[in-house]
Amino acid sequence: MKNTVSNQLTLRRGGVKQSFTLIELLVVIAIIAILAAILLPALNSARERGRSASCMSNLKQLGQSWKFYQDANDEYCPGGYYKGYYSAYAPHNTRWFEQFEKDGILAKDVTRCASSPNWEFNSSNLNYGILVNIWGYYDNQITLAATKGNFKNPSRMACFMDSMPSQNRVDMGMSSTSFGDSVHLWYTYPQLAGLAGVGSNPGIEFRHNSGINVVLLDGHAEFKNTTQVRNPCGIAAEYDDKVESGKWDMRPCHGTGGNESGSCIN
């Protein structure tokens, strides 16, 4: 039986022959494409909400690890990077996540965010960082005479939040870093007006619908948008940004003497 090619497609239903022209078929395809264009952003947004929920769960577990560390260390708070501070590995320059893992209070996978394309369990490519504005990161700044009892506003003092791993930066043509395990309120990606880009510094990455997830000192985790990061009374209500050796000096909202960024309500 000979087949012929024409601009018509033929279907047979209940003995009745029905035909669709090529134009009609193209119209149907165009409608499907339009519907896909409408639905895909919603599906992507739903998928990101799922990833963000998983990220929030990770941060809550990190908050628990923070508390376990405090319980084992006279309620002292951990820091970002201190030469001679952590002791799990020689030459005693361990980062917080290594100490946590060594102490058995942190599973490695908890430091991986589903919304980040890159992750490794090292200081360069961790997906969460400790907030160094509060907890410090320079060599020999062992100033953590801070315990959880020292803070008036634990629900507004961040411990960990979304950091930008080194490989994410390299993939975007930026400098690599060894501070994927730390974040600093002044360095963000994308860069916010009035603040600096991440460069090779401890940086925040807005990877959850233009915001970040944060776990606070009281153990609760929440989402923060870019406005809340720029005016961070909700995540750093009190800290000392000019640390003196051996002394913890509380200052409201980014310090005083030109270092403040607004007023926080106690």
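Above this text sits the structure in question.
Residues numbered from 1 in each chain as written. Predicted model: local features only at pLDDT ≥ 70, side-chain atom pairs only at ≥ 80, totals over all residues. Heavy atoms only, no water.

**Q** What am I meant to see in the packing of aromatic side chains here?
**A** The description of an aromatic ring pair uses the distance of the two centres, along with the angle that the planes make with each other. Here the structure, examined in full by the defined rule, presents seven aromatic pairs. With a centroid separation of 5.6 Å and an interplanar angle of 35°, the aromatic rings of Y69 and F100 are classed as tilted. Residue Y69 is found in helix α1 (residues 22-72), and its partner F100 is found in helix α2 (residues 96-102); the two are separated by 31 residues along the sequence. Of the two residues, Y69 and F100, both sit in the buried class. With a centroid separation of 5.7 Å and 80° between ring planes, the pair formed by W96 and F97 is classed as edge-to-face. Residue W96 is classed as buried on the basis of its relative accessible area, which comes to 0%. Each residue in the set W66, Y69, W96, F97, F100, F121 and F160 is aromatic and connected to the rest through ring pairs, giving one cluster. (Phe/Tyr/Trp six-rings, centres within 6.5 Å; stacked < 30°, edge-to-face > 60°. Helix = DSSP H or I, 4+ residues; strand = E, 2+ residues; numbered from the N terminus. Buried < 20%, exposed > 50% of the residue type's maximum accessible area, 1.4 Å probe, protein only.)

**Q** Is there a simple way to think about unusual backbone geometry in this case?
**A** Among all residues except glycine, the phi angle is most often negative; among peptide bonds, the trans geometry is most common. Cis geometry marks the peptide bond from Y189 to P190; its omega dihedral reads -10°. When you line up the elements, P190 lands in the loop between β6 (187-189) and β7 (196-197). Positioned with a positive phi, N209 is a non-glycine residue whose angle comes to about 50°. Of note, N209 is situated in the loop between β8 (204-205) and β9 (211-216). A positive phi angle, near 65°, is found at S210, a position not held by glycine. Note on placement: S210 falls in the loop between β8 and β9.

**Q** Explain the pattern of salt bridges here, please?
**A** Pairing is possible between side chains that carry opposite charge, provided their charged atoms lie close to one another. In this structure the tally under the stated criterion is four salt bridges. Where R207 meets D162, a salt bridge forms, and the shortest distance between an N and an O atom there is 3.3 Å. One end of the pair, R207, is in the loop between β8 and β9; the other, D162, is in strand β4 (residues 158-162), and 45 residues separate them in sequence. The two residues R207 and D162 agree in class, both being buried. Note that E222 and K224 form a salt bridge whose closest N and O atoms lie 2.9 Å from each other. Taking the relative accessible area as the measure of exposure, E222 reaches 25% and is therefore partly exposed. Ionic contacts of the salt-bridge type, sharing partners, join the residues D162, E205 and R207 into one network. (Salt bridge = Lys/Arg side-chain N within 4 Å of Asp/Glu carboxyl O.)

Any functional reading would require information beyond the geometric quantities listed.
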